[in-house]
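Residues per chain are reported as follows:
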Amino acid sequence: MFVTRKVEFSASHVCRAPGLSDEENERRFGAAANPHGHGHNYVLEVSVEGWPDAVTGMVLDLKELKEIVNREVVELYDHRFLNYEVPPFDRVVPTTENIASDIWRRLEPRLNREGRRLHSVRVYETPDLYVDYFGEPPCSA
Amino acid sequence: MFRVTRRYQFAASHRLHAPQLSAEENRRIYGKCNHPYGHGHNYVVEVSARGPVEEQSGCAVNTRDLDELVARQVLAPFAYRNLNTEVASFAGISPTSENLGVEICRRLKEHWHEAFPGDWPRLEKIRIAETERNIFEVKADEIE
């Protein structure tokens, strides 16, 4: 089963890829490339897969999940300009996709334990646009 | 193949308490959810069924049949109830939303063919939110 915790944070960003010219950035990212930045009320849903413990009836302590997500993500991201204040977004364009994978990277080692694992990270940039990230599949080569 | 999801709501009270554990352990594990008189939630349950569209009706799921099944198996026994003391399934079992989700999915799976005797639609999963921030999802395949 999946247990999902939902949180919000507000942050600003600018979507500009350093390797692209101003003109290419404008074409690729449109208004989101405005160098002064803009902000969103992001909504984050973290889903953990597991099965309830026979005694406690819980997959994990939701209070612990809330504290982990707050400590590892919300406290770092909330009311920040991501490009200037939250690595790796000084080097990586803070698109919704990259934000989701950075959140995955921060949360996975804190959440994966015997009997439970991080299943997905969903980031809503606006209510009309969201990204699900499921981690990278193990290398099959 | 289509997935049809229908949303239902009910209000109920519960207290998280594992009888196998001491009073102190219960307080440590469940915190305020272990307060002795319990507390309540407006639970939101989403039931998802999967199937092909039936040509004549243009529907994959007859939602009136689904509503009747959910009313009988979930809403009637759970709504405005104290889950610990009034629902036999939770006798001696802590009615966490994990366990509540499993129980709802189990009831719907067990009685599914009363509402849907054919091959389709099939129960795919249920999702239960105890608050807007805490959400639990159980797939029918995970239940015996």
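Placed above this text is the structure.
Parameters at a glance
For every chain, the first residue of the written sequence is number 1, and numbering continues from 1 onward in sequence order. Throughout, the order in which chains and ligands are written sets their labels, letters from A for the former and numbers from 1 for the latter. Local features in this predicted model are restricted to residues of pLDDT 70 or higher, and side-chain atom pairs are both shown and tallied only at a pLDDT of 80 or more, whereas totals for entire chains, interfaces and linings draw on every residue. Each helix is a run of DSSP H or I of at least 4 residues and each strand a run of E of at least 2, with the numbering of both proceeding from the N terminus. The nonpolar core is taken to be a set of buried Ala, Val, Leu, Ile, Met, Phe, Trp, Tyr and Cys residues joined by way of C-beta atoms within 7 Å. In this scheme the burial state of a residue depends on its C-beta neighbours within 10 Å: 20 or more other such atoms mean buried, 12 or fewer mean exposed, and anything in between means partly exposed; the C-beta positions come from the backbone. Residues are scored as being in contact if the C-beta atoms we place from backbone atoms lie within 7 Å. Nonpolar residues are Ala, Val, Leu, Ile, Met, Phe, Trp, Tyr, Cys and Pro. Charged residues are Asp, Glu, Lys and Arg, and all others, Gly as well, are polar. The pairing criterion is simple: DSSP has to find at least two bridges between the two strands. Helix span is expected to be 1.5 Å times the residue number reduced by one. Working definition for bend: take the seven residues up to and ending at a residue and the seven starting at it, fit an axis to each, and measure the angle between the axes. All axes here are fitted lines through C-alpha atoms, helices being fitted over the stretch that makes contact, and every angle between N-to-C directions spans 0 to 180 degrees. Each crossing is labelled by how the near helix is turned from the far one, with a counterclockwise turn of less than a right angle marking it left-handed and a clockwise turn marking it right-handed.

1. With respect to the overall build of chain A
- Looking only at helices and strands, chain A features four helices and five strands.
- For chain A, the C-alpha atoms occupy an extent of roughly 60 × 40 × 25 Å along the three principal directions.

2. Concerning the nonpolar core
- The biggest cluster of nonpolar side chains holds 52 residues, and the ones touching the most others in it are Val48, Ile103 and Leu107 of chain A together with Ile104, Ile126 and Ile128 of chain B.
- Sorting elements by how many residues they give to this core places helix 4 (residues 97-115) of chain B first, with six residues.
- When near neighbours in sequence (up to four residues on either side) are disregarded, Val48 of chain A contacts Phe2, Val3, Val59, Leu60, Leu65, Leu111, Arg116, Leu118 and His119 of chain A.

3. Some details on the interface of chain A and chain B
- With 14 residues of chain A at the contact, the number on the chain B side is 20 residues.
- Of the residues forming the side of chain A that touches chain B, the biggest block, five residues, is contributed by strand 1 (residues 2-13) of chain A.
- Taken together, the residues of the side of chain A that touches chain B sort by class into eight nonpolar, three polar and three charged.
- Examined bridge by bridge, strand 1 of chain A and strand 4 (residues 134-139) of chain B share four bridges and lie antiparallel to one another.

4. Topic: helix 2 (residues 62-77) of chain A
- In this model helix 2 of chain A runs 21 Å from its N-terminal to its C-terminal C-alpha over 16 residues, within 8% of the 22 Å that 1.5 Å per residue would give.
- Along helix 2 of chain A, the sharpest kink reaches roughly 45 degrees, centred on Asn70 of chain A.
- Looking at helix 2 of chain A, one finds that the buried residues are Leu62, Leu65, Val69, Val73 and Tyr77 of chain A.
- Buried positions along helix 2 of chain A lie against strand 1, strand 2 (38-50), strand 3 (80-81), helix 3 (82-85) and helix 4 (96-111) of chain A together with strand 4 of chain B.
- The first or second residue beyond helix 2 of chain A is His79 of chain A, which carries a positive phi of 60 degrees.

5. Section: the environment of Val59 of chain A
- Here Val59 of chain A shows up in the loop between strand 2 and helix 2.
- In this structure, the C-alpha to C-alpha distance between Val59 of chain A and Arg116 of chain A, residues 57 residues apart in sequence, is 7.2 Å.

6. Describing unusual backbone geometry
- The step from Pro87 of chain A to Pro88 of chain A runs through a cis peptide bond, and the omega angle for that step is 15 degrees.
- Omega for the bond connecting Trp120 of chain B with Pro121 of chain B falls within 30 degrees of zero, at -10 degrees, which places this linkage in the cis form.
- Mapped onto the fold, Pro121 of chain B is located in the loop between helix 4 and strand 3 (122-129).
- Although it is not a glycine, His79 of chain A sits at a positive phi angle of roughly 60 degrees.
- Relative to the helices and strands, His79 of chain A resides in the loop between helix 2 and strand 3.

7. A look at the pairing of strand 1 of chain A
All names here are of chain A.
- The pairing of strand 1 with strand 2 spans twelve bridges and is classified as antiparallel. Looking at strand 2, one finds that Thr4 is bridged to Ser47.
- Pairing of strand 1 with strand 3, which is carried by two bridges, proceeds in the parallel orientation. Along strand 3, the bridge assignment pairs Ala11 with Arg80.

8. Brief notes about the packing of helix 2 of chain A against helix 4 of chain A
Residue and element names in this part refer to chain A.
- Where helix 2 contacts helix 4, the two axes come as close as 10 Å, and the packing angle between them is 145 degrees. Handedness of the crossing formed by helix 2 with helix 4: right-handed. In contact with Ile68, Val69, Glu72 and Val73 of helix 2, helix 4 contributes Ile103, Arg106, Leu107, Arg110 and Leu111.
- Counted by class, the contact of helix 2 with helix 4 contains six nonpolar, no polar and three charged residues.

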